[in-house]
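# Structural characterization, general
Residue-level listing of the chains:
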Amino acid sequence: MELFRTDGCLSDEGLQALTEHKLDELGRLEASEHLSYCDRCLDRYTALLTGSRLETPPQDLRRPVMNRVWGQVMQNVYGRAMVAGIAAVLALTIWGGGMRDVILHRDSAQGHLPHTPLLEAGESYGHGPVSKAYDQLFEAWEELMLPDRQTNDLRN
Amino acid sequence: MTAFEFTALVQRYQGLVYTICHQLVPDPEEAQDLAQETFLAAWRAADRCPAGYERQWLARIAANKARDHLRSAWARRMTTPGDEILGLNSAPPEHDPEEQTLCNLGEQRLREMVLALREPYLTPCRLCLLEQYAPAEAAALCGRPEKTLRSQLTRAKRMLRAQLEQEERVHPSKQNTTEQRPPADLSAARRRKERGLVSNGTVSYGRMPK
């Protein structure tokens, strides 16, 4: 029995053998590969599957399928809710961690900022004036963010 | 599609989907799992279902699910334990044992063996091994998905190699005669095509693209 015709489509005997569970594993693999792209053979095959040829699944598929659909929907909803929750917690943590004062008093704080040297054209990273400029920049930030440090240092 | 409509769809077509899955995958439990997977995939892509073609659409999804299942089961069986450790699966094509066997084969002998193959292997092998088309081009020419064509090509090479080994066991002297012939150059893609040595046979390429 030839599963395929010379034009590459499934033969009538091949389709018949498929519906009668007579194909071996390789034959079933070849048939499924062909049915996955050939519209004509799929139509011929589904036309054979009517009436008494249709099998009944051992268990009604509605309940397990709808359970899985429901699970997937919930997964999507809970996933989004979890992402939103984490984002909210992060935002509150940053807000309560001192950034609120920095943002609210930014205008007044800018007046206390010491002069920060700018990177001149042609200067490179590493040793030299640029790294010194960064050191000064970090010191300025420390003064801004930790205003009590100087008084603590003085106390000590 | 609402949940109510989808439930009605499942009720109406569960017999068809299960039948397709069970005829392609004989184990009833696996077939039932595949049928469920089919409906789940249908739910995910419900917007893409053409109205009035639910039967064909679900049958196509079921065939795809069964194909993927059979393909992975086949690949598991064909992969020798330990190949992953040796890295044989990721070896370059020139180190592929099937490719090496075919390269050592005489050109005339390769042509004979390819033309003796049955469908669905004849067309991909003819295009890729004899006429030196790239798999993507061959897939477009014969109207098959490239992945399908590649897996058919791989299986065909295994078949050819198994056939050669069987012939060598039966007629050990044939090994010497094939070695004396000029080897088939499978890696020289398009060389023969550019020189106009492509044969125009009478074998159909299946569904030609419009």
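Before any of the text, the structure's been laid out above.
First, a word on what this report is: a plain description of the structure on this page. Since the model is a prediction, treat every value here as computed from it, not as a measurement.

Contact residues are listed per partner, giving 39 residues for chain B and 34 residues for chain A. Of the residues that constitute the side of chain B that touches chain A, the class distribution is 17 nonpolar, 15 polar and seven charged.

So, about the nonpolar core. Ranked by internal contacts, the top residues of the largest apolar core, which has 38 residues, are B:Val17, B:Ile20, B:Cys21, B:Ala35, B:Leu58, B:Ala62 and B:Ala66. Every element with two or more residues in this core is listed here: helix 1 (12-19), helix 2 (25-35), helix 3 (39-48) and helix 4 (62-104) of chain A together with helix 1 (3-24), helix 2 (28-44) and helix 3 (54-78) of chain B. Per-element accounting of this core gives the leading share, nine residues, to helix 1 of chain B. In this view, B:Cys21 contacts B:Ala31, B:Leu34, B:Ala35, B:Thr38, B:Ala62, B:Lys65 and B:Ala66; residues no more than four positions away in its chain are not counted. Core analysis: the next-biggest nonpolar cluster, separate from the first, contains 18 residues, B:Val114, B:Leu122, B:Ala138 and B:Leu149 among them.

The subject of this paragraph is the packing of helix 8 (residues 135-142) of chain B against helix 9 (residues 146-170) of chain B. All names here are of chain B. Their axes nearest at 9 Å, the elements helix 8 and helix 9 cross at an angle of 110°. By the angle between their directions, the pair helix 8 and helix 9 is classed as roughly perpendicular. Seen from helix 8, the contacting residues are Pro 135, Ala 136, Ala 138 and Ala 139; seen from helix 9, they are Glu 146, Leu 149, Arg 150 and Leu 153.

This next bit is on the packing of helix 7 (residues 122-130) of chain B against helix 8 of chain B. Residue and element names in this part refer to chain B. It is at 9 Å that the axes of helix 7 and helix 8 come closest, and there the two elements cross at 135°. Taken together, the axes of helix 7 and helix 8 are oblique relative to one another. In terms of crossing hand, the pair formed by helix 7 and helix 8 is right-handed. When helix 7 is examined against helix 8, the residues Thr 123, Pro 124, Leu 127 and Cys 128 are found in contact with a partner set consisting of Pro 135, Ala 138, Leu 141 and Cys 142. A breakdown of the residues in the contact of helix 7 with helix 8 according to their chemical character gives seven nonpolar, one polar and no charged.

Here is what the cut-offs are and how they apply
- Residues numbered from 1 in each chain as written.
- Chains lettered and ligands numbered in written order.
- Predicted model: local features only at pLDDT ≥ 70, side-chain atom pairs only at ≥ 80, totals over all residues.
- Contact = placed C-beta atoms within 7 Å.
- Nonpolar A, V, L, I, M, F, W, Y, C, P; charged D, E, K, R; others polar.
- Core = buried A, V, L, I, M, F, W, Y, C linked by C-beta atoms within 7 Å.
- Buried ≥ 20, exposed ≤ 12 C-beta atoms within 10 Å, placed from the backbone.
- Helix = DSSP H or I, 4+ residues; strand = E, 2+ residues; numbered from the N terminus.
- Axes fitted to C-alpha atoms, helices over the stretch in contact; angles between N-to-C directions.
- Parallel < 35°, antiparallel > 145°, perpendicular 65-115°, else oblique.
- Left-handed = near helix turned anticlockwise from the far one by under 90°.

The values are spatial; any link to function lies outside them.
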